[in-house]
Amino acid sequence: MTQASGAAPDTEPLHRFTSRQFESLIRGEGDADALTALVLAERSHRLLVLDLVMDSLTTMAGVGRPLPAPQRAWNLLADTQRIAPAVVQELLDLPETGLWAGQLLQRLRAPRPTELPLWADVGHLHCIAAAAAVRAGLSFSFPVPSVEGRVDLPTLGQARLPYQAPWETAVLTSHKGGVVLTSATGTLQLPGPLGRRAPGWLPLHRDEVRPPGAPAVRVTLDDLGRHRIVPPPMGAARRLPAGAAAGLTKLIQEGCDLLVEADPPSAVTVGALLRTVQPMPAHEAFRVRSASSSHAVGGLALSWPDSELACAAAIVHELQHSKLNALSHLVPLFEEGPLPGRLYYAPWRDDPRPLPGMLQGIYAFTGVTRFWRGRTRLPAERYEPLDWFEFALWRGQLASVLPRVAADPELTAAGRRLLVAVRSTVAGWAAECPVTTAAREAVGLAQRLAADHRALWRLHHVRPYPVDTDRLAAAWLRGDEPVLPRRRQQVRAERRQRHLDARAVLARIRLVDPVALVKLRDVAEEADVPGVTGAGRADLLWATGDPSAAAEHFTRTVVDGTAPPAAWAGLRLTLEETGRSPEAVRALGAVPEVVGAVARAVRRRTRTRVDPVGLAHWVGRGLGEEV
């Protein structure tokens, strides 16, 4: 750090990975040595962003008013660093510090309307400096922003003051261990120690996670701060009761214990990177919501997991994102082309993804798959079928998308090396098979549901050209053989959540608690399965072992012309499981959007119902051998 601006770039070391470190990271793992190098490189990147922020602010006269100039806050931080360098380093390493700095830099470079005044946004630097000085035991008095009466002191907590306007200032005074906040509405004496709750003061939940055989990791449950990885309303800060905070910390600890046992590379990553978890409200079983940000390496947002397994998988997922984000700050993996990039099928999402998103997903699910693979190698226990289901599902999905993404011309040499390494890793898992009957059945179920998700995705996002659909409809009505167009389709990135994983969620419930699934079937309405958004009655019939009844239900819906995309895909799945019409199954897997579009076109022309199985069988006869 310097006092002249932010972190002067010429004072920062030049970071390079050794060949061994780089190979360790691009495999999706990262040993302790590689992760140490990655953390140091990310620390320099963080200082560079702060330096760019400070440089931008110095050209803007009066940007801090009514607070002192940002340079004053930086000077206080520099003074503190000379006394307590570890404290300042911890604050600068905070994921929330990176999130604030990155978003502020974007705001300064491309201003756009926002509710928060710029001075209050910039003023978070004053809060960081004040928190560091308090922790270092300095005696000082310094103004900080008060946003709707809230004053955030990172790593410490949040003060809540009476307020007259949404954006005000308060003066924080620290002297001989006592901390006082003074505003226009009064004075608040903070408790000593600051880890204790008191009127007007909420301390952060900070606990140690102790992976067996590894150093303890201090993790902050950030349920207070204003800088959220997931924007409100979903990611809004909501104070956790003490019992809930302890419960979530326990789940995180148990998840880390599982990683030590099943996925040592991820356990090492936890120790190197994990700093903050921002809690979100609980979601549905087997649908943990989690997120990370390229600005907030080491932080993740997490909805309440329904098990330690779900917690472990979510931690692996998001820390993989953190690793790749940090790596990308140092080594570009792709180049922006002159034209809009391609959109790819991403099996782990509902929407199509561009190359950067595919790289993130592939890297994240390489780690997730490694975790489930590690679980399959443990002695057989209650969750063995679920472990094999998850491992087989994500292993197969990665293998299906890697070849096409690896051929993208916008990949850099480093990006190509990463995908070669990941493909090699995934290929090495291909021959692994379970021993028990239950696990083998779970693998088969995973393979069928991988095809189900792909069909659903195509039904939502792939659109045949109308002229091709009309020609096929006319050929069907004449009784001609089908002639399918080659590559005549459009991919549309519809962003609305569609819960394409609904049947996979039901499958997971079936593997873990089949009795609960039967109970769901007995209470579910026609198009509403409690706790599994996107699933309907026919899906429950299939999941509880009656594919014939489910096929009849799907067929009836399609014939009536009221079929949502899920019904066409469900018809494919149930025809496959009952052994009926392999050609129809083939068409509904490869080009379900064509079958659906032709059915609609025929119905418009004739005003009559169409036999969906017969039509799908007919389309299937037109598919080439390569499909």
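Starting afresh in each chain, residues are numbered from 1 along the sequence in its written order. Totals for whole chains, interfaces and linings use every residue, but because this is a predicted model, local features are given only for residues with pLDDT of at least 70 and side-chain atom pairs only at 80 or more, for both listing and counting. Note that the side-chain values use all heavy atoms of the structure and ignore hydrogens as well as water.

A. Seen up close, the packing of aromatic side chains. Side-chain rings of Phe, Tyr and Trp (the six-membered ring for Trp) are treated as a pair once their centres are within 6.5 Å; stacked means planes under 30 degrees apart, edge-to-face means over 60, and tilted covers the remaining angles. The full count for this structure, using the stated rule, is seven aromatic pairs. Through a chain of ring-to-ring contacts, three or more aromatic side chains come together here, namely Trp 348, Phe 365 and Trp 394. By the criterion adopted, a ring carries a charge over it if an Arg CZ or a Lys NZ lies within 6 Å of its centre and within 35 degrees of its normal. Here Arg 395 stacks its cationic end above the ring of Phe 391, 4.6 Å away from the centre of that ring. Here Arg 510 stacks its cationic end above the ring of Trp 542, 5.7 Å away from the centre of that ring.

B. Examining the pattern of salt bridges more closely. We define a salt bridge as a contact between a side-chain nitrogen of Lys or Arg and a carboxyl oxygen of Asp or Glu at a distance within 4 Å. Evaluation of the coordinates by the stated rule reveals 31 salt bridges. Between Asp 93 and Arg 43 there is a salt bridge, with the nearest N and O atoms lying 2.6 Å from each other. In this pair, Asp 93 is assigned in helix α4 (residues 85-93) and Arg 43 in helix α2 (residues 32-58), connecting sequence segments 50 residues apart. For Arg 107, the salt bridge is made with Asp 121, and the minimal N-O distance between the two is 3.0 Å. Here the residue Arg 107 occupies a position in helix α5 (residues 95-109), and Asp 121 occupies one in helix α6 (residues 118-122), the gap between them amounting to 14 residues. The residues Arg 107 and Asp 121 share a single accessibility class, namely buried. What you see here is one network of salt bridges that share partners, running through Arg 20, Asp 31 and Asp 33. Put simply, DSSP H or I for four residues or longer makes a helix, DSSP E for two residues or longer makes a strand, and each gets a number counted from the N terminus. Three exposure classes are used, based on accessible area relative to the maximum for each residue type with a 1.4 Å probe and protein chains only: buried under 20%, partly exposed in between, and exposed over 50%.

C. Structural view of unusual backbone geometry. Backbone torsion omega between Gly 192 and Pro 193 reads 0 degrees, so that peptide bond is classified as cis. Among the secondary structure elements, Pro 193 is positioned in the loop between β6 (186-189) and β7 (201-203). One non-glycine residue, Thr 155, lies in positive phi territory at about 75 degrees. Its location among the elements puts Thr 155 in the loop between β2 (150-153) and β3 (157-160). Overall, the relative accessible area of 6% leaves Thr 155 in the buried class. Residues other than glycine seldom take positive phi values, yet Arg 607 does so here, at roughly 60 degrees. Its place among the elements puts Arg 607 in the loop between α22 (592-606) and α23 (612-621). Residue Arg 607 is classed as exposed on the basis of its relative accessible area, which comes to 72%.

D. The environment of Arg 377, seen in detail. Considering the arrangement of structural elements, one finds Arg 377 in the loop between α11 (355-376) and α12 (384-406). For the pair Arg 377 and Pro 231, spaced 146 residues apart in the sequence, the C-alpha separation amounts to 38 Å.

E. Structural detail: helix α19 (residues 547-559). To estimate the expected span of a helix, subtract one from its residue number and multiply by 1.5 Å. If you check α19, its first and last C-alpha atoms are 18 Å apart, about what 13 residues at 1.5 Å a residue would give, namely 18 Å. Residues of α19 that are buried include every one of Pro 547, Ala 550, Ala 551, His 553, Phe 554, Thr 555, Thr 557, Val 558 and Val 559, and no others. The inward-facing, buried residues of α19 abut α16 (502-512), α18 (537-543), α20 (565-578), α22 and α23. Once α19 finishes, Gly 561 follows within two positions and takes phi at roughly 80 degrees, a positive value. Note on contacts: a residue pair is in contact if any heavy atoms of the two residues lie within 4.5 Å.

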